[in-house]
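Now for the letters of each chain:
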Amino acid sequence: MALKLCRSIFSSEITSFSKFAPRLKYVRNSATIADTVPKTEDSTSDKRKGRKSMAPLEFRFIYPEFLPDPDPLRRNYIREKLERIDMMNRREKVDIPEFYVGSILAVKYSDRHAQGKTNRFVGICILRENCGLRAEFTLRNVIDHQPIEMRINLYDPVVQNIQVVRLEKRLDEDLRYLRDALPKYSTFDPDMEVEILPEGSEVPVNPLQVVMKPKPWDFRWARSGMKGISKLQQSQIKKDRMWLEKFSRPWEKYDLMDEYRKVIPEEEQNEIWTDVYSKLHELEIKRRKMSRKRTFFIPKKSG
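Now for a description of the structure that goes with this document.

## Here's the deal with the overall build of the protein chain
If you tally the helices and strands in the protein chain, you get eight helices and five strands. When the helices and strands of the protein chain are placed in sequence order, the string is α-α-α-α-β-β-β-β-β-α-α-α-α. Classification of the 303 residues of the protein chain by burial places 30% in the buried group. Contacts in the protein chain between residues far apart in sequence, at least 24 positions, make up 66% of those at least 6 positions apart. Only carbon and sulfur atoms are counted for the fraction: they give 56% of the accessible area of the protein chain, which is about 22,300 Å².

## A few points about unusual backbone geometry
A cis amide bond links K215 to the next residue, P216, at an omega of 15°. As for its placement among the helices and strands, P216 is situated in the loop between β5 (159–166) and α5 (231–236). The phi torsion at H145 lies on the positive side, around 60°, for a residue other than glycine. Checked against the element boundaries, H145 lands in the loop between β3 (136–143) and β4 (146–153).

## Focus: the side chain of R84
With respect to the helices and strands, the residue R84 is situated in helix α4 (residues 77–93). Of the residues examined, R84 reaches a relative accessible area of 11% and is grouped as buried. Those residues in contact with R84, other than ones at most four positions away along the chain, are F66, I272, D275 and V276.

## Structural notes on the sheet that holds β3
Across the sheet, which stays open at both edges, the five strands sit in the order β4-β3-β2-β1-β5 with antiparallel pairing between neighbours. Edge positions in the open sheet fall to β4 and β5, since each of these has one partner strand only. Each strand axis lies, on average, 35° off the axis of its neighbour in the sheet, ignoring direction. Examined bridge by bridge, strand β1 (residues 104–110) and strand β2 (residues 118–129) share seven bridges and lie antiparallel to one another. The residue of β2 that forms the bridge with K108 is R120.

## Structural notes on the pairing of β2
Looking at chain direction, β2 and β3 are connected through five bridges and run antiparallel. Within β3, the position partnered with I124 by the bridge is R140. The turn linking β2 back onto β3 is made up of six residues, and N130 within it adopts a positive phi angle of 70°.

## A word on α4
Each α-helix turn comprises 3.6 residues. Residues three or four places apart therefore point the same way. The terminal C-alpha atoms of α4 lie 25 Å apart, and with 17 residues this matches the ideal 24 Å at 1.5 Å per residue to within 8%. Residues of α4 that are buried: E80, E83, R84, M87, M88, R90 and R91. One side of α4 holds all its buried residues, which, seen down the axis, span an arc of 160°. Exposed residues lying more than 90 degrees from the buried face of α4 are I78 and K93.

## Things to note about the layout of surface pockets
Within this model, the second largest pocket holds a volume of roughly 990 Å³. Lining the second largest pocket are 28 residues, with R60, F61, P64, R128 and E173 positioned closest to its centre. The set of elements that each furnish at least two residues to the lining of the second largest pocket consists of α3 (59–62), β2 and β3. Take the lining of the second largest pocket: its biggest share by element is three residues, from β2.

## A word on a nonpolar patch on the surface
Nonpolar side chains collect at one region of the surface, where I78, L82 and I85 lie side by side and expose about 300 Å² of accessible area between them. Among the structural elements, L82 can be located in helix α4. According to the relative accessible area criterion, L82 is partly exposed, its value standing at 49%.

## Some points on the environment of Y109
With respect to the helices and strands, Y109 occurs in strand β1. Classification of Y109 as buried rests on a relative accessible area of 15%. Note: C-alpha distance between Y109 and V158 (49 residues apart in sequence) is 5.5 Å. Sequence-distant contacts of Y109, defined by excluding residues within four places in its chain, comprise T118, N119, R120, F121, M150, V158, V159 and Q160.

About the thresholds
Residues numbered from 1 in each chain as written. Predicted model: local features only at pLDDT ≥ 70, side-chain atom pairs only at ≥ 80, totals over all residues. Heavy atoms only, no water. Helix = DSSP H or I, 4+ residues; strand = E, 2+ residues; numbered from the N terminus. Buried < 20%, exposed > 50% of the residue type's maximum accessible area, 1.4 Å probe, protein only. Contact = heavy atoms within 4.5 Å. Areas by Shrake-Rupley, 256 points an atom, 1.4 Å probe, with all protein chains shown as cover. Pairing = 2+ DSSP bridges. Axes fitted to C-alpha atoms, helices over the stretch in contact; angles between N-to-C directions. Expected span 1.5 Å × (residues − 1). Arc of directions from axis to C-beta. 1 Å grid on protein atoms, 1.4 Å probe; cavity = no way out; pocket = protein on both sides within 12 Å on 5 of 7 lines; lining within 4 Å. Points joined across faces, edges and corners; volume = space filled by probe spheres on them. Patch = residues over 30% accessible without salt bridge, like charges linked within 9 Å, V, L, I, M, F, W, Y side chains within 5 Å. Salt bridge = Lys/Arg side-chain N within 4 Å of Asp/Glu carboxyl O.

Put into structure tokens, the structure is as follows:
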């Protein structure tokens, strides 16, 4: 009886195995096929890692608005991609030249209250902030002893033309302390001529140090460590000098994690520049050709 029972159990197991054998064979074949198919995700990621950006390193300073906010809570890769497309389309319609904080710009914009429906403002760029389509800059000028500031959205459809009157840099990336400086440092002629730099030359850095007005100021500029404020005037402010010595943080320049949180990783920057480099390069060539045509004058016959 025991032998018959073992034979019946063994035969039932064989029949059940024969039912599921084709399925196991199919699973094995599918597994071998999947192993032979190349993995697209890994291959594309390897290509991205191996792909190098052809854009020069200066692009991160010339076009800072293309780099997104490094705060991970504000990142959205789809929105950033769409914004870059809109920014390039806008640059094809309006020439947005290279400029920095400290450059003197002339902006022509539409104004329905003006006589010719357009207006023009000349001033020094004291601040560049935000990124993407929200990028903006602030111009400052003193006209008829009245200080005027104008905040302009870089990709605003109202802007018709942006012209660089004088291309230069300053010692600081924030010149809002000109609000508390003497008016002569913010006064510029609205009809000043364009200063053209020779092609291929570096952007000059203006080492000017301004003299501030007597206090009160809008902000304690002496405590912010601005290089563009007169050193003699900073040394005269005893309280601010003592504050700097007491609350200075010399170790911050060695904090790698703090720098990592404030900067976009190099791999992401390379992906961004590879997307926009070709179009930016074409627009740069067109702009140079137009500038050459403007600087060329046909000689007139004398007599």
